[in-house]
Amino acid sequence: MPSGGRAANSDPDRDPEAVVFNRADWCIEAVATCAVHGLGLVEVASADEYGLRHDFARLVAPSLPRLDALSSSAVRRRPTGLEDYVSARLAKRSAPVGLLDTLEIHVAITLCQLVGAMKLYGRTVDFDRLDEERRRLGGHAGFLILRGGAEAFTGFLEDIQHDFSLLRKGGLYGPAAAIGSLFKLLKTRRQRVYPRHAAFAPVRSFVTDFVLNSFALRSGEEFLGKVVDERRLHSVWSLADETGLNPHRLKKVLHGFGVIGDRQMAYSFHKIAFDARAGLEAVELERQSLAIPEVAKHIGATAADAARLARDGFIRPVAMPPKSKVRPRYAISELDAFVGSILRNAKPVAARSKGQISMKDVPRRTSRPTAVVLRHLLDGHLKSTFRLTGKHGYAALLLDLAEVMRIVRDRDHGGLKLRQATVAICTSEPVARALIKEGYIKTVVVRNPVTRQEQVVVMPAEVEAFRKTFISAWLLARERGMHPTTVRRAMERAGIEPAFAPLKIGGWIYRRDDVPASLEV
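Per chain, residue numbering runs from 1 following the sequence as it is written. Whole-chain, interface and lining totals are the exception, using all residues; otherwise, since this is a predicted model, local features are given only for residues with pLDDT of at least 70 and side-chain atom pairs are given and counted only at 80 or more. Values reported for side chains reflect all heavy atoms of the structure, with hydrogen atoms and water molecules removed beforehand.

**Overview of the overall build of the protein chain**
Here is step 1 of the chain: By definition, any uninterrupted DSSP run of H or I lasting at least four residues is a helix, any uninterrupted run of E lasting at least two residues is a strand, and each is numbered from the N terminus. For the protein chain, the count of helices and strands is 25 helices and 18 strands.
Here is step 2 of the chain: The rule is simple: take the accessible area with a 1.4 Å probe, protein chains only, and divide by the maximum for that residue type; under 20% is buried, over 50% is exposed, in between is partly exposed. Taking all 521 residues of the protein chain together, the buried fraction comes to 43%.

**Some words on the sheet that holds strand β14 (residues 397-400)**
Here is step 1 of the chain: Strands are treated as partners if at least two bridges between them are detected by DSSP. Taken in spatial order, the four strands of this open sheet run β11-β13-β14-β12, and their pairing is mixed. Each edge of the sheet is formed by a strand with only one pairing partner; in this case those strands are β11 (347-349) and β12 (356-358). Taken over all neighbouring pairs, the strand axes of this sheet differ in orientation by 40 degrees on average, direction set aside. Angles shown run from 0 to 180 degrees and are taken between the N-to-C directions of axes, each axis being a line fitted to C-alpha atoms and, for helices, limited to the stretch in contact.

**Structural notes on the pairing of strand β13 (residues 385-388)**
Here is step 1 of the chain: Both β11 and β13 contribute to a ladder of three bridges, which runs parallel. Note that in β13 the partner of P348 across the bridge is R387.
Here is step 2 of the chain: Sheet topology note: the β13/β14 ladder contains three bridges and is antiparallel. Residue R387 lies in a different strand from β14, and its bridge partner there is L397.

**Re empty space enclosed by the protein**
Here is step 1 of the chain: Buried and open spaces are told apart on a 1 Å grid over the protein atoms alone, a cavity being a set of points where a 1.4 Å probe fits but cannot get out and a pocket being an open set with protein on both sides within 12 Å along at least five of seven lines. Residues with an atom within 4 Å of a point are the lining residues. Grid points are joined across faces, edges and corners, and a volume is the space filled by probe spheres set on the points. Scanning all chains against the criterion turns up five cavities of 30 Å³ or more.
Here is step 2 of the chain: In this model, the largest cavity occupies a volume close to 80 Å³.
Here is step 3 of the chain: Surrounding the largest cavity, E29, A30, A32, T80, L82, Q113, E132, R135, R136 and G139 form its lining.
Here is step 4 of the chain: With four residues, helix α6 (residues 132-146) is the single largest residue contributor to the lining of the largest cavity.

**As for the pairing of β14**
Here is step 1 of the chain: Taken together, the three bridges between β12 and β14 define a ladder with antiparallel strand orientation. Note that in β14 the partner of I357 across the bridge is L399.

Dropping the structure here:
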């Protein structure tokens, strides 16, 4: 009976001194409710002298006359979860409860009470000053948490760490301040005062592992008797101090690269903990790579040109962390290699001369995408390249227009434009258009070898076939030394009709086979 005796009268009709009894679980301070009668326990006696604590009969005797009154004053209630667990564990009939079952019973009770008290009354609650009722309620709240096992205990520690990280006041920010009353319970110096405190070693080990994986402790720092051999986590403050970066900028960089989450952005610099290696890699990646606007300045191009180079695959982004939220970045070393490759054999010139074009002029002067010409350059097809002094990188590159056109020009399709076809069939352009429109002369759509625009042409074979079959009145007149009007009248007198309706095509064209050897004027 650590704090006092509790008793019950099993048979009211018999002598109280003969039937009064005490239960073993009632001697445990955490049990304050009788599960059988549904009543809160009341104190009937207290032992001022340690040597009398075992003598239950002697201690309870003065209170026997008022047992009924004491029973009437008891509060009717059900046992808490912790009380049920303790009673069942003592009776060896409790269901497995994971983490709590691995601890000595007094450790399990204290841990439940403290965890629940921190949950209900704050992380810095003064556990030693809690009254019995608050401990009972805390025990119940703590049991509801810890019955979930190690995962639930970790979740509780994460919650109090989060709540602590949101605080902006005070200069204490280490793990001891974060876990508050739990640290006071577990600190190792208490072992010298309370030998039984060594039973808390499993809890201490669990909390220590959580702290080492959740707080930015430097190498050589000690927590609950364990010395940190290697830094596992950095804070924004510690990494900024190590790398020399502005902590405000560093915080944004780490968030952008996915090293810290959205939740941590609300924390102050020294309370944001993250993987030390991932943080250093993010800083190194930030220093050794550039975003598109910075790429443009670095290689001497416009932002649009830089974006186009990235889209066409001439510059490739570096691999980003899986949770990265930043836009693609490009390694400085690869950008330098790209500029070096396009200017490798370029001859320096003081000014651009006639016949030389810059890369921004390529689409307009060659009717080719910049990517096509640039690919020929990188593949070594362009031999005449120049570098304009006074500019750097992409903007300094000059190409020989004639050489570019010779390489990028498509194969000539051999077709005739409308004017060329008109001359070939010896007629006027309106007549040629009408013949094409009516389908008497077939056309094809091809791509211009220079401009790469689609155009309608007549193939030479089609023109030649038409000339062998048909002849215009104008050409016939020239061959016979006559006037075209005279030719038309002579063909009418000979009863020869035009091959096509003159009103439709706007001219007179005859089949060669219908033309007689001589025409009568």
